[in-house]
Amino acid sequence: MSGYARRGVHGQTVEAIAHRVLSGRVAEGDTLDLGALQAELGVSLTALRESLKVLSAKGMVDARQKRGTFVRPRADWHLLDADVLRWQFESARGPAAGAGNPLLRDLGEVRGIVEPAAVRLAAERRTEEDLAVLDEALQAMARASEVGDEAVAADLAFHRALLAASHNEMLERMETVIATGLAFRDRLVHTTGHRPQDPVPSHGAVLDAVRAGDADAAETAMRALLDQSARDLEELRHEGRGRGN
């Protein structure tokens, strides 16, 4: 499901309610006090109801006669929705707010299943246009500083381009899941003072194998890249414990 406009009263209201639910401040099964929410958030009842429609479409809330609007069980939430994933990362507290977030473990496992398979297909199916996009992303990665949004954006562009080069529509749709989690992971790695290894060689090795049409080499290079990604997170977890986090 596509995202919504995050700006303005509507977007702010959706985000505020979502964070209450995802952080556990409003628990599964709880009935929402619309009057209290309206007063707390300073919005009209119409704006509040429109915002709840967004969360309803994502499986997070529902409404019933005599019960009102309530939080649905987590099993009903659309956990692969890009907004829901982002809210989970943003709403995390304590150790889960950083490299210890269990969603990052889940992301690593999903990437380990999806990306090696996708890159094999990319090696077999990539077009010159695909290679040009990958080249551009790698060059942006080389130009970016080791920290900050430029490095994050370049990494996301590269991995999106790899999935697109598989020319498998289902795999391409995994971009929503991988990119949302990867953005959170990259910001942790690139904006916390941690100095990861230069990402260009590992990504370049993947691109070289894809360009050569060598599926085995592409998979091997991708698995090496993912192993380094896991090591970066493990180092961050150790650094966090060392700081008492």
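Residues numbered from 1 in each chain as written. Predicted model: local features only at pLDDT ≥ 70, side-chain atom pairs only at ≥ 80, totals over all residues. Heavy atoms only, no water.

A. Quick look at the packing of aromatic side chains. According to the stated counting rule, one finds one aromatic pair in the structure shown. Ring geometry for Phe 89 versus Phe 184: centroids 4.2 Å apart, planes at 20 degrees, classification stacked. Remark: Phe 184 occurs in helix H9 (residues 175–191) and Phe 89 occurs in helix H4 (residues 82–91); sequence separation between them is 95 residues. Lying across the ring of Phe 70, Arg 67 places its NZ or CZ 3.7 Å from the centre. (Phe/Tyr/Trp six-rings, centres within 6.5 Å; stacked < 30°, edge-to-face > 60°. Helix = DSSP H or I, 4+ residues; strand = E, 2+ residues; numbered from the N terminus. Lys NZ or Arg CZ within 6 Å of the ring centre and 35° of its normal.)

B. Spatial organisation of helix H6 (residues 128–143). Taking 1.5 Å of rise per residue, 16 residues should cover 22 Å, and H6 covers 22 Å from first to last C-alpha, within 8% of that figure. The set of residues buried in H6 consists of Asp 130, Leu 131, Leu 134, Ala 137, Leu 138 and Met 141. All buried residues of H6 project into a common sector of 125 degrees when viewed along the axis, lining one side. Exposed positions of H6 whose direction lies more than 90 degrees from the buried face are Glu 128, Glu 129, Glu 136 and Arg 143. As for H6, its buried residues are in contact with helix H5 (102–125), helix H7 (149–165) and helix H10 (199–212). (Expected span 1.5 Å × (residues − 1). Buried < 20%, exposed > 50% of the residue type's maximum accessible area, 1.4 Å probe, protein only. Arc of directions from axis to C-beta. Contact = heavy atoms within 4.5 Å.)

C. Layout of the side chain of Arg 20. Locating Arg 20 in the fold gives a position in helix H1 (residues 8–22). Judged by its relative accessible area of 12%, Arg 20 falls in the buried class. In this view, Arg 20 contacts Arg 25, Val 26, Leu 37, Glu 40 and Leu 41; residues no more than four positions away in its chain are not counted.

D. A look at unusual backbone geometry. The residue Lys 66 is not glycine, and still its phi comes out positive at about 70 degrees. Its identity as a non-glycine residue notwithstanding, His 167 has a phi of 55 degrees, on the positive side.

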